[in-house]
Amino acid sequence: MALIDDTLRFLGPPYCIRSIDLEPVIYRSTGQYEFEVSGLHDKRMDCTLYVWRTSPQELVGIYSGIRTMEDLKDLMGYCAVRYQNLLSRIQIEREDRTV
């Protein structure tokens, strides 16, 4: 289970390890959404992120083929912003367009 432990340390709080469907996964709850990272039981990184709406419980996103901890961390941040609609709750002073 070293890869899941290393990945959890890399991600840091607010993530934890939880057993779901008999598989240890990296987990985070935002209240309205739950994030589960599955597939970290191999020695090689190739995982999938599942995003669940909590009420009504519904699978709303599947992101697969994640092969580095950096990509996973960036994707988790993107999903947290997207699914919590964070950009509508803050004032954006400037945001240049990227190509």
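Residues numbered from 1 in each chain as written. Predicted model: local features only at pLDDT ≥ 70, side-chain atom pairs only at ≥ 80, totals over all residues. Heavy atoms only, no water.

### With respect to the nonpolar core
Okay, step 1: F35, V37, L40, L49, V51, L72 and C79 are the most contacted members of the largest nonpolar core, which totals 20 residues.
Okay, step 2: Of all the secondary-structure elements, those providing two or more residues to this core are α1 (2-11), β3 (33-38), β4 (47-54), β5 (57-66) and α2 (69-83).
Okay, step 3: Among the elements that take part in this core, α2 stands out by supplying five residues, more than any other.
Okay, step 4: In this structure V51 touches Y33, E34, F35, E58, L59, V60, G61, Y63, C79 and Y83, once residues within four positions along its chain are discounted. (Core = buried A, V, L, I, M, F, W, Y, C linked by side-chain atoms within 4.5 Å. Buried < 20%, exposed > 50% of the residue type's maximum accessible area, 1.4 Å probe, protein only. Helix = DSSP H or I, 4+ residues; strand = E, 2+ residues; numbered from the N terminus. Contact = heavy atoms within 4.5 Å.)

### Here we look at the pairing of strand β1 (residues 16-20)
Okay, step 1: Two elements, β1 and strand β2 (residues 23-29), share five bridges in a ladder whose sense is antiparallel. Counterpart to I17 in the pairing with β2 is I26.
Okay, step 2: Hairpin connection from β1 to β2: two residues lie between these consecutive antiparallel strands, with D21 at a positive phi of about 55°. (Pairing = 2+ DSSP bridges.)

### Quick look at α1
Because each turn of an α-helix spans 3.6 residues, side chains separated by three or four positions in sequence point in the same direction.
Okay, step 1: For α1, the set of buried residues is L3, I4, T7 and L11. In a view along the axis of α1, the buried residues occupy a sector of 95°, so they form one face of it. When the buried face of α1 is taken as reference, the exposed residues oriented beyond 90 degrees from it are A2 and R9.
Okay, step 2: On its buried face, α1 is in contact with β1, β2 and α2.
Okay, step 3: Positive phi shows up at G12, right after α1, with a value of about 70°. (Arc of directions from axis to C-beta.)

### Observations regarding the state of the cysteines
Okay, step 1: Under the counting rule described, the total for this entry stands at zero disulfides.
Okay, step 2: C47 takes part in no disulfide bond, and the closest cysteine sulfur, belonging to C79, lies 12 Å away. (Disulfide = S-S within 2.5 Å.)

### Focus on the packing of aromatic side chains
Okay, step 1: Enumeration according to the criterion identifies one aromatic pair in this entry.
Okay, step 2: Aromatic side chains Y33 and Y83 sit 5.3 Å apart centroid to centroid with 50° between the ring planes, which places their arrangement in the tilted category. Highlighted residues: Y33 in strand β3 and Y83 in helix α2, separated in sequence by 50 residues.
Okay, step 3: The buried category is assigned to Y33, whose relative accessible area is 11%.
Okay, step 4: Taking the ring centre of Y27 as reference, the NZ or CZ of R18 above it sits at 4.0 Å.
Okay, step 5: Note that K73 overlies the ring of F10, its terminal NZ or CZ placed 5.1 Å from the centroid. (Phe/Tyr/Trp six-rings, centres within 6.5 Å; stacked < 30°, edge-to-face > 60°. Lys NZ or Arg CZ within 6 Å of the ring centre and 35° of its normal.)

### Let's talk about the pattern of salt bridges
Okay, step 1: Taken as a whole, this structure holds four salt bridges when the rule is applied.
Okay, step 2: Among the ionic pairs, R67 bridges to D46, the shortest N-O distance being 3.9 Å. Placement of the pair is R67 in the loop between β5 and α2 and D46 in the loop between β3 and β4, with a sequence separation of 21 residues.
Okay, step 3: Given the relative accessible area of 30%, D46 is considered partly exposed.
Okay, step 4: Where D96 meets R94, a salt bridge forms, and the shortest distance between an N and an O atom there is 2.9 Å.
Okay, step 5: Under the relative-accessibility criterion, R94 is labelled exposed at 67%. (Salt bridge = Lys/Arg side-chain N within 4 Å of Asp/Glu carboxyl O.)

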